[in-house]
Amino acid sequence: SMNFIDPSEKQAMVVEYWPWVKQIAGVMRRSLKLDASASLDDLVSDGVVGLMDAIDKFDPDCGAKFKTYAGRRVRGAILDGVRERDRWPADGLGGR
């Protein structure tokens, strides 16, 4: 079931979870050993896209906690953004 969330409620959730998304982005930036050109702002922006996607698609009846579900979407969106910008370190998590 799609949950049609009020835009102002969605905005409030983005504001509420933004520091958490920023924390995830910082952890991923370190764990993926991204170089200096991979700005934290870019990773946070990607993460917020994932967060908004999670807010749109989360089904409260699915039994999962929102943060568990959103965490996967946020990490996935950050990884997608990194791949698109081709910012993998030289030792190659990019798989090329």
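J.: Can you walk me through the overall build of the protein in this structure?
T.: Each helix and strand counted, the protein has three helices and zero strands in total. In the protein, the succession of α and β elements from N to C terminus is α-α-α. Taking all 96 residues of the protein together, 36% fall into the buried category. In the protein, the share of contacts with a sequence separation of at least 24, taken over all contacts with a separation of at least 6, comes to 64%.

J.: Help me understand the pattern of salt bridges in this model?
T.: Pairing is possible between side chains that carry opposite charge, provided their charged atoms lie close to one another. One pass over the structure, following the stated rule, counts six salt bridges. Here aspartate 80 makes a salt bridge to arginine 83, at a shortest N to O gap of 3.3 Å. Within this pair, aspartate 80 and its partner arginine 83 are both found in helix H3 (residues 66-85), separated by three residues, close to a single helical turn. Residue classification places arginine 83 among the partly exposed residues on the basis of a relative accessible area of 45%.

J.: Would you explain the nonpolar core in this entry?
T.: Soluble globular proteins: nonpolar side chains tend toward being buried together. If you look at the biggest cluster of nonpolar residues, it comprises 25 residues, and the most contacted ones within it are Trp20, Leu43, Leu51, Ile55, Phe66, Val74 and Ile78. Of all the secondary-structure elements, those providing two or more residues to this core are helix H1 (7-31), helix H2 (40-57) and H3. Considering each element in turn, this core owes the most residues, eight residues, to H1. Not counting residues within four places of it along the chain, the set of residues in contact with tryptophan 20 comprises Lys67, Ala70, Gly71 and Val74.

Criteria and thresholds
Residues numbered from 1 in each chain as written. Predicted model: local features only at pLDDT ≥ 70, side-chain atom pairs only at ≥ 80, totals over all residues. Heavy atoms only, no water. Helix = DSSP H or I, 4+ residues; strand = E, 2+ residues; numbered from the N terminus. Buried < 20%, exposed > 50% of the residue type's maximum accessible area, 1.4 Å probe, protein only. Contact = heavy atoms within 4.5 Å. Salt bridge = Lys/Arg side-chain N within 4 Å of Asp/Glu carboxyl O. Core = buried A, V, L, I, M, F, W, Y, C linked by side-chain atoms within 4.5 Å.

By themselves, these are just geometric observations and shouldn't be taken as functional.
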